[in-house]
Number of protein chains: 2
Amino acid sequence: MSKSMKVSNLVINRLPMYHRFLTELKSNGAHKISSSALADTMHLTASQIRQDLNCFGGFGQQGYGYNIDFLLESIGRILGLDQNKNTILIGAGRLGSTLISHISFSELGFNLTGIYDNDKNIIGNKVNDIEIQDIKNLSIPQNNQNVDVAILCIPKQACHETVTFLIQNGIKTFWNFTHYDLQINFLKDCITVENVHLSDSLMKLSYKKTNNDN
Amino acid sequence: MSKSMKVSNLVINRLPMYHRFLTELKSNGAHKISSSALADTMHLTASQIRQDLNCFGGFGQQGYGYNIDFLLESIGRILGLDQNKNTILIGAGRLGSTLISHISFSELGFNLTGIYDNDKNIIGNKVNDIEIQDIKNLSIPQNNQNVDVAILCIPKQACHETVTFLIQNGIKTFWNFTHYDLQINFLKDCITVENVHLSDSLMKLSYKKTNNDN
């Protein structure tokens, strides 16, 4: 996709949902689907789906519908899931190690190459067959593999130093589970961040509940 | 707040961030802050902050700034954090029990009253001093306490039956960690949902990385 093409965040936010639904349709043995049937399944309108997919060139044929394999592969490519992303976990405490066990990273193109922590008590242990290494070893190239993405599961107070160190080591993409706002503390244009602020999500639920109840 | 007052989602999404920053300022011993200093801290503009807070009536005084205690308490009230919300966890596997240990539910007004699972191997175990009960016991009133919120950490295929059962038992608010789209399968107006779709978040990171790199 060209850099000049600006797709709205609302469309981008829906792409993973398309990917999920199409993956399920495929695993149920379906081969093609009309935009109206896909719309029914996802509770969107057919026109909305056509508009969304037209942002990327459109993938259907009038009167035929969408080829599920082709659409799924195309959306996967738009999402960059077909590109290998060497990924490390920083912080192998309970949350970090649960994520590693819970999520199918490789299916989304994330190749977990290392797990790091500074806790001497857990360094050397294994999570999903990967040995937890001392964070101090991170600057040493690991089999000449670059690291593309770091998953941050460390305490907030350790973030500034750690992220500075990671950026110095060429890592610019972060899946951030900490309460540290990377976009505020580092140059926004130099890093790519997706935050999962669990407490913020819980506060939003509280807001919705309070205002639905009133 | 009156039902007729419609606050934009962008403002609502920023409220937890205000709450986080003000909590930190308070814990650092600060008592008051100007909108421009708060703006600097949060990398927003002072005008943006005034506009956001004016949605709820405004809490500052021209030339004086914001009283941090008062603003924090007010935002907490807007978010409904001052209201007790009896909460149960459905699914005490690795993700569910990690969440229970990781998040300070009570600080946000969520009072964890029960943990339920259908796995005979873990029923009777304790997570954070709360015994995991058989999901079948959920319909029996627990000390006459109502349940307001359910946290869903169960496999997708168990969701429809479980959520139907929970709704029948009067639970309408869900913090949803499953890949099941509640809003699609139940009447949107009857339930309150906040989703944490971890794989969707990872796909969004992949999209951002791919499109920043190109």
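The structure we're discussing is the one just above.
Notes on the structure follow. (Residues numbered from 1 in each chain as written. Chains lettered and ligands numbered in written order. Predicted model: local features only at pLDDT ≥ 70, side-chain atom pairs only at ≥ 80, totals over all residues. Heavy atoms only, no water.)

1. Quick look at the sheet that holds strand E6 (residues 130-134) of chain A
Residue and element names in this part refer to chain A. Strand order in the open sheet formed by 7 strands is E5-E6-E4-E3-E7-E8-E9, with mixed pairing between adjacent strands. Of all strands in the sheet, those with a lone pairing partner are strand E5 (126-127) and strand E9 (192-195), marking the two edges. Note: strand E4 (residues 110-117) against E6, 3 bridges, orientation parallel. When the sheet's bridge partners are listed, isoleucine 115 is paired in E6 with isoleucine 132. Against the sheet, helix H5 (residues 94-102) touches strand E3 (85-90), E4, E5 and strand E7 (149-152), its axis set at about 145° to E3. (Pairing = 2+ DSSP bridges. Helix = DSSP H or I, 4+ residues; strand = E, 2+ residues; numbered from the N terminus. Contact = heavy atoms within 4.5 Å. Axes fitted to C-alpha atoms, helices over the stretch in contact; angles between N-to-C directions.)

2. Quick notes on unusual backbone geometry
For Asp129(A), which is not a glycine, the phi torsion comes out positive at approximately 70°. Mapped onto the fold, Asp129(A) is located in the loop between E5 and E6. At Asn128(B), a residue that is not glycine, the phi angle is positive and equals roughly 45°. Along the chain, Asn128(B) turns up in the loop between strand E5 (126-127) and strand E6 (130-134). Its relative accessible area of 48% is what places Asn128(B) among the partly exposed residues. (Buried < 20%, exposed > 50% of the residue type's maximum accessible area, 1.4 Å probe, protein only.)

3. Focus: helix H2 (residues 35-42) of chain B
The set of residues buried in H2(B) consists of Ser35(B), Leu38(B), Ala39(B) and Met42(B). Angularly, the buried residues of H2(B) cover 105° about the axis, an arc narrow enough to put them on a single face. On its buried face, H2(B) sits against helix H7 (182-185) of chain A together with helix H1 (9-27), strand E1 (32-33), helix H3 (46-54), strand E2 (66-67) and helix H4 (68-78) of chain B. Looking one or two places after H2(B), you find His43(B), whose phi comes out positive at around 55°. (Arc of directions from axis to C-beta.)

4. Brief notes about helix H4 (residues 68-78) of chain A
Residue pairs three or four apart in sequence face the same way in an α-helix, which turns once every 3.6 residues. Residues and elements named next belong to chain A. Within H4 the residues assigned to the buried category are Ile68, Leu71, Leu72, Ser74, Ile75, Gly76 and Ile78. Among the residues of H4, the N-terminal cap falls to asparagine 67, whose side-chain oxygen and the backbone nitrogen of aspartate 69 are separated by 3.0 Å. Where H4 ends, the next residue or the one after it, glycine 80, has phi of about 80°, a positive value. (Polar contact = N/O pair within 3.5 Å; in protein donor to acceptor, adjacent residues only side chain to side chain.)

5. Concerning the packing of helix H2 (residues 35-42) of chain A against helix H3 (residues 46-54) of chain A
Two numbers describe a pair of packed helices, the interaxial angle and the distance between the axes. Residues and elements named next belong to chain A. At a minimum axis separation of 8 Å, H2 and H3 run at an interaxial angle of 105°. Compared by their axis directions, H2 and H3 come out roughly perpendicular. Counting all contacts with H2, which are made through Ser35, Ser36, Leu38 and Ala39, the residues of H3 involved are Ala46, Ile49 and Arg50. Among the residues forming the contact of H2 with H3, the class breakdown is 4 nonpolar, 2 polar and 1 charged. (Parallel < 35°, antiparallel > 145°, perpendicular 65-115°, else oblique. Nonpolar A, V, L, I, M, F, W, Y, C, P; charged D, E, K, R; others polar.)

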